[in-house]
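Chain by chain, the residues run as shown.
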Amino acid sequence: MPISLSRGVLKRDQEPEMSDQQFSERRDFAIEVCREAGEKAMEYFCDHGNLVVDRKGAQDWVSEADRNVEVFIRQKLAEALPDDGIFGEEHGATPGKSGFDWVIDPIDGTTNFVNGIPAWTVVLAGVSEGATQIGVMCDPIVGETYEALRGAGARLNGTPMHVASGVPLENGTVSVGYSNRVEAANVLPVIASLIDKGAMYHRNASGALSIAYVAAGRLLGYMEEHMNAWDCLAGQLLVEEAGGRVEPQDANEMIRVGGRVIVGTPDVFDALLSIANDAWSG
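Residue positions are given per chain, counted from 1 along the sequence in the order it is written. Local features in this predicted model are restricted to residues of pLDDT 70 or higher, and side-chain atom pairs are both shown and tallied only at a pLDDT of 80 or more, whereas totals for entire chains, interfaces and linings draw on every residue. Neither water nor hydrogens contribute to the side-chain values; these are computed over all heavy atoms in the structure.

A.B. asks: I would appreciate a short explanation of the environment of Val261 in the present structure.
C.D. replies: You can see Val261 is positioned in strand β16 (residues 259-264). On the basis of relative accessible area, Val261 is assigned to the buried category, the value being 0%. Each C-alpha atom, one on Val261 and one on Met227, is 6.7 Å from the other, the two residues being 34 residues apart in sequence. Residue contacts follow a heavy-atom distance rule, with two residues in contact if any of their heavy atoms lie within 4.5 Å. Beyond its immediate stretch of four places on either side in the chain, Val261 contacts Ile211, Tyr222, Met223, Glu224, Met227, Cys232, Gln236, Gln249 and Met254. Going along the chain from the N terminus, every DSSP run of H or I of four or more residues is numbered as a helix, and every run of E of two or more is numbered as a strand. For every residue, the accessible area obtained with a 1.4 Å probe (protein chains only) is divided by the maximum for its type, and the residue is called buried under 20%, exposed over 50%, and partly exposed between those limits.

A.B. asks: Just to check I follow, could you spell out the side chain of Glu225 for this structure?
C.D. replies: Structurally, Glu225 is set in strand β14 (residues 221-227). In contact with Glu225, not counting residues within four places along its chain, are Val182, Asn186, Gly259, Arg260 and Trp280.

A.B. asks: Sorry, what's going on with the side chain of Glu241 here?
C.D. replies: Relative to the assigned elements, Glu241 resides in helix α6 (residues 229-241). Buried and without a salt bridge, Glu241 has Arg150 as its closest oppositely charged side chain, separated by 4.7 Å. Discounting residues that sit within four places of it in the chain, Glu241 has contacts with Ala148, Leu149, Arg150, Gly151, Ala152, Gly153 and Ala154. His is not counted here, nor are the chain ends, while Lys and Arg score as positive and Asp and Glu score as negative. By definition, a salt bridge exists where a carboxyl oxygen of Asp or Glu is found within 4 Å of a side-chain nitrogen of Lys or Arg.

The values are spatial; any link to function lies outside them.
Structural data, given as structure tokens:
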């Protein structure tokens, strides 16, 4: 169902379908929430020496900042849009009634975050009818907000952004993510293939931020054998709306089980897909 703005707060009306204007209002609300969440995360980051950190698995960490920032975002969404569903990395799913779901990664790049490395981002995606409709990321370290609305383009701090154009693989850089949900050695043939083709290899331990860099024209592509929905849905929409190519997926299936992610510029996407198919065919 659609939303309308009243005195700065989103409230529901009774129409059966959401209008373009109300999709835009949801997007604007998501930007506001992400920026506020980024400010809260920065408070923890500036005092990371006192951060309480737990280990979820090998090279998989969660901090009190992750948990508390997600709670903050959930509360904002629940107050404004109580019928929407909410899925997050650190807390259980909240089923919705509206047919519109929010997918949260409170801090993508937790390993960087807990070690004081300034490469992490707050991520919020909005999904309906099996497709990501809204994608927002806030990188408070450098004051950058990436946002996209399906069919309306992608912007960085309010300025339209586009993927790189006319740059061949051998003249650019591709980021390759590492997942502890698959065999570690599986990443090696991908990196070897990229190097063999003359490309540079990049990894900053925040898959979401790396995908946003593709949308902004900073990287040519991003590849990872398995990602969870909160890590990738927003970024995939950013790339798509910035003129890039994305391997098709059902957003609801990604929320349920995750999957492979390949994004890139039109110049290199087919080559990246071929590399991925050769390396990850099993």
